[in-house]
Amino acid sequence: MESSDALHALSTFRRSFYECLHRRRDALFELTDALLTADAAPSPVHLSLEAPHRRGWGNLYAALRRGRIDAEDLRGLIASHPLAGSGATPVFAVDVSVWDRCDAESSPERGYYYHPSRHSAGQPIVAGWAYQFIAQLNFVRESWTAPVDVRRVRPGQDANEVAAEQVKAFLRLWHEEERVIPLFVFDAGYDPVKLQQGLEESPCQMLVRLRAGRRFYADPSLAGPPAPTGRPRRHGPKMKCSDPRTWPKPSTEYACEDAGYGAVRVRAWTNLHPKVRAHERRGSRGPLPIVVGTLVLVEVERLPRGERRREPRVLWLWWHGEGEPNLDLIWRAYVRRFDLEHTFRFLKQTLGWTTPRVRHPEQADRWSWLVLAAFTQLRLARPCVEDRR
């Protein structure tokens, strides 16, 4: 993209972003500009000292408390600026990041979540608010992503159900000229069965990481002739991920050489299903649902530079979508999912996403959208400063 085109896209985004702000729009807009120009601020009140913020520090907190942002319009605006270099099939990562509020005992709707670096009573569990992001990935040699949606997961909600509703809402806003079916990548904390049931009628592909000890079953017709008595079989031959002796011949296979991972081998088994334990009809004595998908195994020769002291482990994935799976896209898409972790770190450490100590979660929601809008402006302005690298 040329520098002039990037400036035009950035100015168009800023005008449209201003229209998405309603009550106290000037204060919210100036707060976003102050966030873009400031260094790492220890608290939001320091943003009021920046030149773009022409109001007092009290107006800053009043904007977060009483301001109003049209989240639906802002979602559509951010989704209309896709990430360059995303490839023929758009790939999106879905993951949760926690805004820890351990000491805010009077703040409502806090939940208890896993946190990798902060501990409470010796356990990696913190109290706070959980936010679920959808971010577009690319296959360029960089770690930039494009967060396109954020939604708070309340303590009583199931993250899988919220993710399915969030993906379906995003698909209604997302428009692509060629109508390519996108791929959504999830980490191991999500349940593939619940996600697949929630996204059954949606035009998308899903890819979920699995733990290595799971078991799957083939079609019951492969288990031999039916027994003369008893109910019909519902599960066929068993496949244990931890026991290669139970693995049948793969349906498809792919192999390639990669500069970072060496020899890569990907195998896929179609028409497999797990035994469902927790489902909405549990306890009704009805038949268990059969959720059929594709099991994918990824094996690499080595890890990239910087991680070669560790031995590579096998990677089990669950794929569901229309047609046959693209194994080359699948393994590369999950590897690029980790770029979202760099985005979380940038949002927290540089843009100060979790820095404000607001009391109410609605204030945190408004601040999260402002941070997302600021990050999008930085992404759109990148071509303007490429010559300064």
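Here, every reference points to the structure presented above.
Residues numbered from 1 in each chain as written. Predicted model: local features only at pLDDT ≥ 70, side-chain atom pairs only at ≥ 80, totals over all residues. Heavy atoms only, no water.

Account for the overall build of the protein chain, with residues named and values stated.
Helix and strand counts for the protein chain stand at 9 helices and 12 strands. Computed over its C-alpha atoms, the radius of gyration of the protein chain comes to 23 Å, within 12% of the 21 Å expected for a compact globule of 389 residues. By its C-alpha atoms, the protein chain is 80 × 50 × 45 Å across when sized along the principal axes. Counting every position in the protein chain, which comprises 389 residues, the buried fraction comes to 46%. Considering only contacts within the protein chain whose residues lie at least 6 apart along the sequence, 65% involve residues at least 24 apart. For the protein chain, the exposed surface amounts to about 20,500 Å²; the carbon and sulfur share of it is 48%. Positive and negative side-chain charges in the protein chain, numbering 58 and 47 respectively, have mean positions lying 7 Å apart. (Helix = DSSP H or I, 4+ residues; strand = E, 2+ residues; numbered from the N terminus. Rg over C-alpha atoms; globule rule 2.2 N^0.38 Å. Buried < 20%, exposed > 50% of the residue type's maximum accessible area, 1.4 Å probe, protein only. Contact = heavy atoms within 4.5 Å. Areas by Shrake-Rupley, 256 points an atom, 1.4 Å probe, with all protein chains shown as cover. Lys, Arg positive; Asp, Glu negative; His and termini not counted. Charge placed at Lys NZ, Arg CZ, Asp CG, Glu CD.)

How would you sum up the environment of Thr-376? Please name residues and give values.
Topologically, Thr-376 is positioned in helix H9 (residues 361-380). By relative accessible area, Thr-376 is classed as buried at 0%. If sequence neighbours within four positions are ignored, Thr-376 has contacts with Phe-13, Ile-78 and Pro-147.

Tell me about the pattern of salt bridges, and name the residues and values.
Applying the stated criterion to the full structure yields 20 salt bridges. With its nearest N and O atoms 3.0 Å apart, the salt bridge here joins Asp-243 to Arg-245. Each of Asp-95, Asp-187, Arg-337 and Glu-341 takes part in one network of salt bridges that share partners. (Salt bridge = Lys/Arg side-chain N within 4 Å of Asp/Glu carboxyl O.)

Describe helix H7 (residues 327-336), with residues and values.
For H7, the tally of buried residues reaches 7 of 10 residues, placing the bulk of the element in the interior. Residues Leu-327, Leu-329, Ile-330, Trp-331, Ala-333, Tyr-334 and Arg-336 constitute the buried set of H7.

Go over helix H8 (residues 339-349), please, and point to the residues and values.
Buried residues of H8: Asp-339, Leu-340, Thr-343, Phe-344 and Leu-347, and no others. Within H8, the buried residues cover an arc of 150° as seen down the axis, which keeps them to one side. Buried residues along H8 sit in contact with strand S1 (91-100), strand S3 (125-137), strand S4 (146-153), H7 and H9. (Arc of directions from axis to C-beta.)

Give me the pairing of strand S12 (residues 315-320): which residues, what numbers.
A regular strand places its side chains so that they alternate between the two faces of the sheet. The buried fraction of S12 is high, at 6 of 6 residues. Here S12 shows two buried faces, one formed by Leu-315, Leu-317 and Trp-319 and the other by Trp-316, Trp-318 and His-320. Strand direction decides the pairing type here: strand S6 (residues 205-210) and S12, joined by 5 bridges, are antiparallel. Its bridge partner lying in S12, Leu-210 is registered against Trp-316. Strand direction decides the pairing type here: strand S11 (residues 293-300) and S12, joined by 5 bridges, are antiparallel. Bridging across to S12, Leu-297 finds its partner in Trp-316. (Pairing = 2+ DSSP bridges.)

Give a detailed account of the packing of aromatic side chains, specifying residues and quantitative values.
Aromatic ring pairs: the centre-centre distance and the angle between the two ring planes describe each pair. One pass over the full model with this rule turns up 22 aromatic pairs. Aromatic pair Tyr-334 and Phe-338: ring centres 5.8 Å apart, planes at 85°, arrangement edge-to-face. A relative accessible area of 1% places Tyr-334 in the buried class. Residue classification places Phe-338 among the partly exposed positions, given a relative accessible area of 37%. (Phe/Tyr/Trp six-rings, centres within 6.5 Å; stacked < 30°, edge-to-face > 60°.)

Explain the packing of helix H4 (residues 71-79) against H9 to me, and be specific about the residues and the numbers.
Across the interface, H4 lies against H9 with an axial gap of 11 Å and an inter-helix angle of 20°. For the element pair H4 / H9, the angle class is roughly parallel. Note on packing geometry: the crossing formed by H4 with H9 is left-handed. Each of Ala-71, Leu-74, Arg-75 and Ile-78 in H4 lies in contact with H9, whose residues at this interface are Trp-369, Leu-372 and Thr-376. (Axes fitted to C-alpha atoms, helices over the stretch in contact; angles between N-to-C directions. Parallel < 35°, antiparallel > 145°, perpendicular 65-115°, else oblique. Left-handed = near helix turned anticlockwise from the far one by under 90°.)

How would you summarise a positive patch on the surface if you had to cite specific residues and measurements?
On the surface, Arg-23, Arg-24, Arg-65, Arg-66 and Arg-68 cluster together into a patch of positive charge. Tracing the backbone through its elements, the reader meets Arg-23 in the loop between helix H1 (3-19) and helix H2 (25-37). The exposure class of Arg-23 is partly exposed, given its relative accessible area of 47%. (Patch = residues over 30% accessible without salt bridge, like charges linked within 9 Å, V, L, I, M, F, W, Y side chains within 5 Å.)

Help me get a handle on the pairing of strand S9 (residues 252-258), residues and values and all.
Summarising the sheet, S9 and strand S10 (residues 262-272) pair through 7 bridges and their orientation is antiparallel. Bridge pairing in S10 links Glu-257 to Ala-263. The loop that links S9 with its antiparallel partner S10 comprises 3 residues.

Describe in detail the nonpolar core, supporting the description with residues and values.
Phe-17, Phe-184, Phe-186, Leu-295, Trp-316 and Trp-367 are the most contacted members of the largest nonpolar core, which has 96 residues in total. Considering every element that reaches this core, the biggest residue donor is H9, with 10 residues. Those residues within four positions of Trp-367 in sequence are excluded, and the remaining contacts are Leu-31, Leu-35, Leu-47, Leu-64, Trp-99, Leu-351, Gly-352, Trp-353 and Pro-356. Counting 6 residues, the second-largest nonpolar core is a separate cluster that includes Val-98, Ala-130, Val-153 and Val-162. (Core = buried A, V, L, I, M, F, W, Y, C linked by side-chain atoms within 4.5 Å.)

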